[in-house]
Amino acid sequence: MTDPALVLVAHGTRSTRGVQMIAALAEAVARELGVAVSGRDAELPGTAPAVRTAFVDVLGPSPAEVLRDLVDASGESVPAVVVPAFLASGYHVYKDVPREVAQSAHPAVAVTPAMGPDPALARIMTMRLRAAGWRPGDAVVFAAAGSSDPRARQDVRRAAAMLTERLGTPVRLGYIATGTPRVPEVVADLRASGAERVFIASYLLAHGLFHQRLHDAGADGVAEPIGVHPAVVRLIADRYRVAARDLVRTRVV
């Protein structure tokens, strides 16, 4: 039986660096699973899982297009595990991904939880902060894109709490695009409260417009996005392995 394919679903971006980062992440996950990334027209490799990327906005291919293309040499659909590469479960995870799966009419798809919140991401953010020059005693703004979905906002609050625990100091939550308070407001408030140095922890997966905005927020330093890190790669691979095991077991039964 062919192992389920892994479809890594991300939010599209017009940033070249962001697109390259998603491609690099897919390649790293493929190496972790011991396979090569499959292109849209590539033959599915024996019993090894194919790794493909899809986007829910801005770019293509869409998840539905990728799922429809997952067929073996006989024309049968190859089982698939969709891993949403999102740091919180908002509209894209609860609405876009299920709609795309339904539109594909694929008969055997499992969808994993989103990547975040997760303690592994808090560890990476701590490393990124230190690399940006943060030291114990410096104020920290936890910068998230934001969402109108209350479930996503709850996920972000949980992620901020994980970073607080990791750093051993409170962090202040600020939003980049949707929600209040906005990151520059939080930075200014911390300054007014007497903070000598303020650093921004970027709760973003990749470079793009949102991360660029953080550099104009008035902080002393901005940590890099979470990006491609071995802990992220393992997190995605583990999500895949659990879902693939359950999907194969269900099909065998």
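All values reported here derive from a predicted model rather than from experimental measurement.

Now for the sheet that holds strand E4 (residues 109-111). Strand order in the open sheet formed by four strands is E2-E1-E3-E4, with parallel pairing between adjacent strands. Because the sheet does not close on itself, it has two edges, and the strands there are strand E2 (51-55) and E4. Averaged over all neighbouring strand pairs, the angle between strand axes comes to 25°, with direction disregarded. Where helix H1 (residues 16-33) meets the sheet, its contacts fall on strand E1 (5-10) and E2, and the angle it forms with E2 comes to roughly 150°. Contacts from helix H3 (residues 91-104) reach E1, strand E3 (80-84) and E4, with the element oriented near 175° to E4.

Right, let's talk about the domain arrangement of the protein chain for a bit. Per the domain assignment, the segments of the protein chain are domain 1 (5-115 + 229-252) and domain 2 (119-222). Across the contact, 19 residues belong to domain 1 and 17 residues belong to domain 2. Here domain 1 meets domain 2 over a buried area of about 1400 Å², counting both sides, of which 72% is carbon and sulfur. Three residues stand out in domain 1 for area buried against domain 2, namely Leu87, Tyr94 and His229, and they jointly supply 36% of the buried area on that side. Run the count over domain 1 and domain 2 and you get zero salt bridges. Across the contact surface, domain 1 and domain 2 share four residue pairs in polar contact (both at pLDDT 80 or more). Put simply, the parts of the chain that give the side of domain 1 that touches domain 2 at least two residues each are H1, H3 and helix H8 (230-252). Take the side of domain 1 that touches domain 2: its biggest share by element is five residues, from H1.

Our next topic: unusual backbone geometry. Residue Pro61 is reached from Gly60 by a cis peptide bond, and omega for that bond is 0°. For Pro61, the position within the fold is in the loop between E2 and helix H2 (63-68). Across the junction of Gly116 and Pro117, the peptide omega takes the value 5°, indicating a cis bond. Examined against the element boundaries, Pro117 turns out to sit in the loop between E4 and helix H4 (119-131). At Ala105, a position not held by glycine, the phi torsion is positive, near 60°. Within the secondary structure layout, Ala105 lies in the loop between H3 and E4.

The grouping of Arg123, Arg130, Arg166 and Arg234 at the surface amounts to a positive patch. Of note, Arg234 is situated in helix H8.

Okay, the sheet that holds strand E7 (residues 198-203) next. Spatial strand order, E6-E5-E7-E8: four strands in an open sheet with parallel pairing. The strands lining the two open edges of the sheet, one partner per strand, are strand E6 (172-175) and strand E8 (221-222). Both strand E5 (residues 139-144) and E6 contribute to a ladder of four bridges, which runs parallel. Its bridge partner lying in E6, Val141 is registered against Arg172. Sitting on the sheet, H4 touches E5 and E7, and the angle it makes with E7 is about 140°.

The next point concerns the pairing of E7. With six of its six residues buried, E7 lies for the most part within the structure. Alternating residues of E7 divide into Val198, Ile200 and Ser202 and Phe199, Ala201 and Tyr203, and every residue in both groups is buried. Sheet analysis places E7 next to E8, joined by two bridges and oriented parallel. Looking at E8, one finds that Ile200 is bridged to Val222. Assessed by its sense of winding, the connection that carries the chain from E7 through helix H7 (residues 209-214) to E8 is right-handed.

Thresholds applied
Residues numbered from 1 in each chain as written. Predicted model: local features only at pLDDT ≥ 70, side-chain atom pairs only at ≥ 80, totals over all residues. Heavy atoms only, no water. Pairing = 2+ DSSP bridges. Helix = DSSP H or I, 4+ residues; strand = E, 2+ residues; numbered from the N terminus. Axes fitted to C-alpha atoms, helices over the stretch in contact; angles between N-to-C directions. Contact = heavy atoms within 4.5 Å. Domains from an automatic or database assignment. Buried area = accessible area lost by both parts, 1.4 Å probe. Salt bridge = Lys/Arg side-chain N within 4 Å of Asp/Glu carboxyl O. Polar contact = N/O pair within 3.5 Å; in protein donor to acceptor, adjacent residues only side chain to side chain. Patch = residues over 30% accessible without salt bridge, like charges linked within 9 Å, V, L, I, M, F, W, Y side chains within 5 Å. Areas by Shrake-Rupley, 256 points an atom, 1.4 Å probe, with all protein chains shown as cover. Lys, Arg positive; Asp, Glu negative; His and termini not counted. Charge placed at Lys NZ, Arg CZ, Asp CG, Glu CD. Buried < 20%, exposed > 50% of the residue type's maximum accessible area, 1.4 Å probe, protein only. Right-handed = clockwise from strand over helix to strand, strands pointing away.

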